[in-house]
Amino acid sequence: MATMGQRRNDGPDPAKQQESTGFELPESTATEQLESQLSRELHPVRVVPGWAGWALIVAGVLMLPWVAGLALVLPVQAEAAHYDAAWVGFDVALCAALLRTGWLAQRGREHIELTAAITGTLLVVDAWFDTVTASNRHAFLVALLLAVCVELPIAAFCLWIAGRVEYRRQQRAQRLGHLLHRLGQRPGDVR
């Protein structure tokens, strides 16, 4: 028990605390507020609207009949052995990527970035090769129409998702760094 002239040492000096943290609140209140902010920052946040997931899932499902049609109508050979298998296999991979990206977006998963980037890239590659490998004028016009109206807009949308998630991740890391600094720790410290 402290006597009249002595100050009890229960923690850091409030004056020093105010200088180091910039808070005028008692230590426990300031710490509780910072911990509350930190727990909110660590809670997953939906970075892509829910409708985006459903849109990509629908695109993937609608692609299934297209893949089946390609398997039936593409020639077995066209200056390359297994030409039909190459395109059907590529479109199956693209379909799987669309479905996976859509599922992750619909669920609000933050690790959608890589899948969205892969899907966007596959769509750009598909648009390019569909147009440059068209065998006649009609096939070229159909490929060009699909590229401009379907594949490239969906690719841009997927790449937008990937960029949005990365931007959100960088903002979150910056805020967490500031919060940790305000708690008196540096982000790389291990105690």
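As the structure is a computational prediction, the values presented were derived from the model and not from experiment.

Considering the packing of helix α4 (residues 83-107) against helix α5 (residues 113-132)
Interaxial distance between α4 and α5 falls to 9 Å at its minimum, and their mutual angle equals 145 degrees. Classified by chirality, the crossing of α5 by α4 is left-handed. Touching Trp-87, Phe-90, Asp-91, Ala-93, Leu-94, Ala-97, Leu-98, Arg-100, Thr-101 and Leu-104 of α4 are Thr-115, Ala-116, Thr-119, Leu-122, Leu-123, Val-125, Asp-126, Phe-129 and Asp-130, all from α5. Split into classes, the residues belonging to the contact of α4 with α5 amount to twelve nonpolar, three polar and four charged.

A short note on the nonpolar core
Counting 25 residues, the largest nonpolar core has Val-48, Leu-56, Met-63, Leu-98, Ile-112 and Ile-161 as the members making the most contacts within it. Setting aside its immediate chain neighbours within four residues, Val-48 contacts Ala-105, Ile-161, Arg-164 and Val-165.

Brief notes about the packing of aromatic side chains
This model, assessed by the stated rule, comprises four aromatic pairs. Note on Trp-87 and Phe-90: the rings are 6.1 Å apart at their centroids and 80 degrees apart in plane angle, and the pair reads as edge-to-face. In this pair, Trp-87 and Phe-90 both sit in helix α4, three residues apart, roughly one turn of the helix. Residue classification places Trp-87 among the buried residues on the basis of a relative accessible area of 13%. Centre to centre, the rings of Phe-157 and Trp-160 are 5.8 Å apart; their planes meet at 15 degrees, and the pair counts as stacked.

Looking at the confidence of the model for the chain
Across the chain, the average pLDDT comes to 78, with 70% of residues at or above 70. Here helix α1 (residues 14-21) is the element of the chain with the lowest mean pLDDT, 48, and α5 is the one with the highest, 95. Contacts from residues 1-9, a stretch scored under 50 in pLDDT, to residues over four places away or in other chains number four contacts. Across residues 14-19, where pLDDT falls below 50, the model places eight contacts with residues more than four positions away in sequence or in other chains.

Some details on α5
Its 20 residues give α5 an end-to-end C-alpha distance of 29 Å, which sits within 8% of 28 Å, the value for a rise of 1.5 Å per residue. Within the span of α5, buried status applies to Glu-113, Thr-115, Ala-116, Thr-119, Gly-120, Leu-123, Asp-126, Ala-127 and Thr-131. Against α4 and α6 (137-182) lie the buried residues of α5.

Details of the pattern of salt bridges
Using the criterion set out here, one finds two salt bridges in the structure. We note a salt bridge from Arg-169 to Glu-113, for which the minimum N-O separation is 2.1 Å. One end of the pair, Arg-169, is in helix α6; the other, Glu-113, is in helix α5, with 56 residues separating them in the sequence. A salt bridge links Arg-169 to Glu-166; its shortest N-O distance comes to 3.3 Å. Of this pair, Arg-169 and Glu-166 both sit in helix α6, three residues apart, which is roughly one turn of that helix.

The rules behind each value
- Residues numbered from 1 in each chain as written.
- Predicted model: local features only at pLDDT ≥ 70, side-chain atom pairs only at ≥ 80, totals over all residues.
- Heavy atoms only, no water.
- Axes fitted to C-alpha atoms, helices over the stretch in contact; angles between N-to-C directions.
- Helix = DSSP H or I, 4+ residues; strand = E, 2+ residues; numbered from the N terminus.
- Left-handed = near helix turned anticlockwise from the far one by under 90°.
- Contact = heavy atoms within 4.5 Å.
- Nonpolar A, V, L, I, M, F, W, Y, C, P; charged D, E, K, R; others polar.
- Core = buried A, V, L, I, M, F, W, Y, C linked by side-chain atoms within 4.5 Å.
- Buried < 20%, exposed > 50% of the residue type's maximum accessible area, 1.4 Å probe, protein only.
- Phe/Tyr/Trp six-rings, centres within 6.5 Å; stacked < 30°, edge-to-face > 60°.
- pLDDT = per-residue confidence, 0-100.
- Expected span 1.5 Å × (residues − 1).
- Salt bridge = Lys/Arg side-chain N within 4 Å of Asp/Glu carboxyl O.

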